[in-house]
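# Structure assessment
So you can see what is in the structure, the chains are spelled out below.
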Amino acid sequence: METRVEVKPNLIASGSLDDLSLTGKMHSPNGRGMHKPEDEVPFGPDITFHQSPESTLADVHGSHSRELQATHNEMLVGIIFKSIRLVVFSNRLNLLMPFGPLAILVEKLTDHHGWVFAMSLLGIMPLAERLGYATEQLAFYTGDTVGGLLNATFGNATELIISLYALKSGMTRVVQLSLLGSILSNMLLVLGCAFLSGGIVFHKKEQVFNKAAATVNSGLLLMAVMGLLFPAVLHYTHSEVHFGKSELVLSRFSSCVMLVAYAAYLFFQLKSQRSLYASVNEDEVQSGNISINDESADISKWESVIWLSVLTAWISILSEYLVGAIEGASTSWKIPVAFISVILLPLVGNAAEHGSAIMFAMKDKLDISLGVAIGSSTQISMFLIPFCVVIAWIIGIPMDLNFQLFETAALFLTVIVVALMLQEGTANYFKGLMLVLCYLIVAASFYVHVDSSQ
């Protein structure tokens, strides 16, 4: 006699044990089954028990959450790899990045300051350029006016970091010369290359820019020249009331005034008179003369902020090795410290400005190019230089605004030449070529110049 347990499928699906009907049938030799209650068994070997609806929903929900978390992680990894590919591997200049770690290694293992300086110089150059790229991406979310200010600010981050390390080491003359060289480089070389490249691309027309904004910046630059000129004249005419003290006191007072003027300029530019700084291209877009540019950022706003932080930190590390090797490089290469500080250091610090200004000029966006080049010079002269004087005052280092007669004369003539170039509100390749040639004259002058302060 054989006993068989049958489980009804529709009842199993309900998942309730109370609804299960377990039927035991006695099979007689004639094949007819007999149903007996005692043959019902509560559990059979072939029965599969399912979870309750509540636990089933919990499992489904947990599985769905895990799938969402895995998808989110995959998307995050994809975004990180894409960001690294765009920032690190999309530019050939980034091939110079390994020189940064090599500079640190050479400094630890040898005493060849010339090699350390050269490798640090090469290692900082792509970092400064990528700093400009990240700032440019951030500028997509801010507009032309704030974008130009951001380019100028983060473009000068390299100069500021180098200056603070030099100031910490007591090398006030290097601070003065490197900041002066940044102003000369931005006004002559960067702006000249922008005008030259834009004029070549648009050789059939003259490019235009906002003349009013350029005039305001020219006035601020002349004010900065005034702040640097009077301490030098006071020193060389020997007309100080208190010899050796009046010059320093005047420099500190002028620095505070210049900082106040720069703060007022920022308020004027960003809040009070924003319409004055509207680019010519923006005016044309609003009037319907040209189509709106459909360019978009390659990376997000927060990616740009993160990259700006990472690049600034790495530049600050290399700047310490760069500053420490300046005097050794000057001795081993037989090149004046003035030439290294005025010409070589700004070439590295202005790599970001070079790329940004030229790129925007070739896209017929000269207002952003001027915001990068002239805006950067204005920021250095009206903010970074007096800021360094105030910081030196706080830490007890007697840094003043007397940049010596030769250097102050070079700055004064540069501001006059650039102001004359900007007064018409137009640009072409010939103006750009003249500015670049003027920079070559300045570079040659500092190569044969002996710094009187040393």
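Residues numbered from 1 in each chain as written. Predicted model: local features only at pLDDT ≥ 70, side-chain atom pairs only at ≥ 80, totals over all residues. Heavy atoms only, no water.

Any two aromatic rings considered together are summarised by their centre-to-centre distance and by the angle between their planes. Under the defined criterion, the tally for this structure stands at seven aromatic pairs. The rings of Tyr262, Tyr265, Phe383 and Phe387 are connected pair by pair, giving a single aromatic cluster. The ring of Tyr133 has Arg130 sitting right over it, with the charged end atom 4.3 Å from the ring centre. Above the ring of Phe202, the side-chain terminus of Lys205 is found at 5.2 Å from the ring centroid. (Phe/Tyr/Trp six-rings, centres within 6.5 Å; stacked < 30°, edge-to-face > 60°. Lys NZ or Arg CZ within 6 Å of the ring centre and 35° of its normal.)

Further remarks concern the environment of Val390. Looking at the secondary structure, you find Val390 in helix α15 (residues 366-395). A relative accessible area of 19% means that Val390 is categorised as buried. Linking Val390 and Cys256, residues 134 residues apart in sequence, is a C-alpha distance of 7.7 Å. Contacts of Val390, omitting those with residues within four sequence positions, involve Ser255 and Leu259. (Helix = DSSP H or I, 4+ residues; strand = E, 2+ residues; numbered from the N terminus. Buried < 20%, exposed > 50% of the residue type's maximum accessible area, 1.4 Å probe, protein only. Contact = heavy atoms within 4.5 Å.)

Next up on the list: the packing of helix α8 (residues 211-236) against helix α16 (residues 405-422). α16 packs onto α8 with a crossing angle of 160 degrees between their chain directions and a minimal axis gap of 10 Å. By the angle class used here, α8 and α16 are roughly antiparallel. Of the two possible hands of crossing, α8 and α16 adopt the one that is left-handed. Residues Lys211, Ala214, Ser218, Leu221, Leu222, Val225, Leu228, Leu229, Ala232 and Tyr236 of α8 lie in contact with α16, whose contacting residues are Leu405, Thr408, Leu411, Phe412, Val415, Ile416, Ala419 and Leu422. Of the residues assigned to the contact of α8 with α16, the class counts are 15 nonpolar, two polar and one charged. (Axes fitted to C-alpha atoms, helices over the stretch in contact; angles between N-to-C directions. Parallel < 35°, antiparallel > 145°, perpendicular 65-115°, else oblique. Left-handed = near helix turned anticlockwise from the far one by under 90°. Nonpolar A, V, L, I, M, F, W, Y, C, P; charged D, E, K, R; others polar.)

Here the focus is the UniProt feature "transmembrane region" (unreviewed entry) in the protein. Using the residue numbers shown here, the UniProt feature "transmembrane region" (unreviewed entry) corresponds to residues 179-202, 214-237, 249-268, 305-326, 332-349, 370-395, 401-422 and 429-450. Along residues 179-202 one finds 96% helix and 0% strand; the C-alpha atoms at either end are 33 Å apart. Annotated as 100% helix and 0% strand, the span residues 249-268 places its first and last C-alpha atoms 29 Å apart. (UniProt positions renumbered as here; feature names shortened; annotations may be inferred.)

The first and last C-alpha atoms of helix α6 (residues 157-168) sit 16 Å apart over 12 residues, in line with the 16 Å expected at 1.5 Å per residue. Taken as a whole, α6 has its buried residues at Ala157, Thr158, Glu159, Ile161, Ile162, Ser163, Ala166 and Leu167. Of the residues flanking the end of α6, it is Gly170, one or two places downstream, whose phi is positive at about 80 degrees. (Expected span 1.5 Å × (residues − 1).)

What follows deals with the packing of α16 against helix α17 (residues 429-447). The packing of two helices is summarised by the inter-axis angle and the distance between the axes. Relative to each other, α16 and α17 sit at 175 degrees, their axes nearing to 11 Å. As judged from the angle between their axes, α16 and α17 are roughly antiparallel. Seen from α16, the contacting residues are Phe406, Glu407, Ala410, Val417, Val418 and Met421; seen from α17, they are Lys431, Met434, Leu435, Cys438, Ser445 and Phe446. Partitioned by chemical class, the residues of the contact of α16 with α17 number nine nonpolar, one polar and two charged.

Core analysis: the biggest nonpolar cluster contains 104 residues, and Phe117, Leu191, Phe195 and Leu422 have the highest contact counts within it. Per-element accounting of this core gives the leading share, 15 residues, to helix α7 (residues 172-201). Excluding residues that lie within four positions of it along the chain, Phe195 makes contacts with Phe209, Leu366, Leu370, Leu422, Ala427, Asn428, Tyr429, Lys431, Gly432 and Leu435. (Core = buried A, V, L, I, M, F, W, Y, C linked by side-chain atoms within 4.5 Å.)

Attention shifts here to the pattern of salt bridges. Counted by the stated rule, this structure contains three salt bridges. Here Arg173 and Glu407 are joined by a salt bridge, their closest N and O atoms 3.1 Å apart. Of this pair, Arg173 sits in helix α7 while Glu407 is found in helix α16, placing the two residues 234 residues apart along the sequence. Accessibility classification places Arg173 together with Glu407 in one group, the buried group. The salt bridge involving Lys205 is made with Asp364; its shortest N-O contact spans 2.8 Å. With a gap of 159 residues between them, Lys205 in the loop between α7 and β4 (207-208) and Asp364 in the loop between α14 (351-362) and α15 connect regions that are remote in the sequence. Classification of Lys205 by relative accessible area gives partly exposed; the value is 43%. (Salt bridge = Lys/Arg side-chain N within 4 Å of Asp/Glu carboxyl O.)

Quick look at the side chain of Thr408 now. Tracing the backbone shows Thr408 in helix α16. Classification of Thr408 as buried rests on a relative accessible area of 2%. Here Gln404 takes part through its backbone oxygen, which lies 2.8 Å from a polar atom of the side chain of Thr408. If we skip the residues at most four places from it in the chain, Thr408 touches Leu228, Leu229, Ala232 and Phe403. (Polar contact = N/O pair within 3.5 Å; in protein donor to acceptor, adjacent residues only side chain to side chain.)

Before going further, it helps to examine the environment of Leu311. With respect to the secondary-structure elements, Leu311 resides in helix α11 (residues 301-324). Linking Leu311 and Ile124, residues 187 residues apart in sequence, is a C-alpha distance of 9.6 Å. With residues near it in sequence (within four places) discarded, Leu311 still touches Leu127, Arg130 and Leu131.

Attention shifts here to unusual backbone geometry. Notably, His238 is not glycine yet its phi reads approximately 55 degrees, a positive angle. As for its position among the elements, His238 is in the loop between α8 and α9 (246-272). Residue classification places His238 among the exposed residues on the basis of a relative accessible area of 61%. Here the phi dihedral of Asp364 falls at roughly 60 degrees; this positive angle occurs in a residue that is not glycine.

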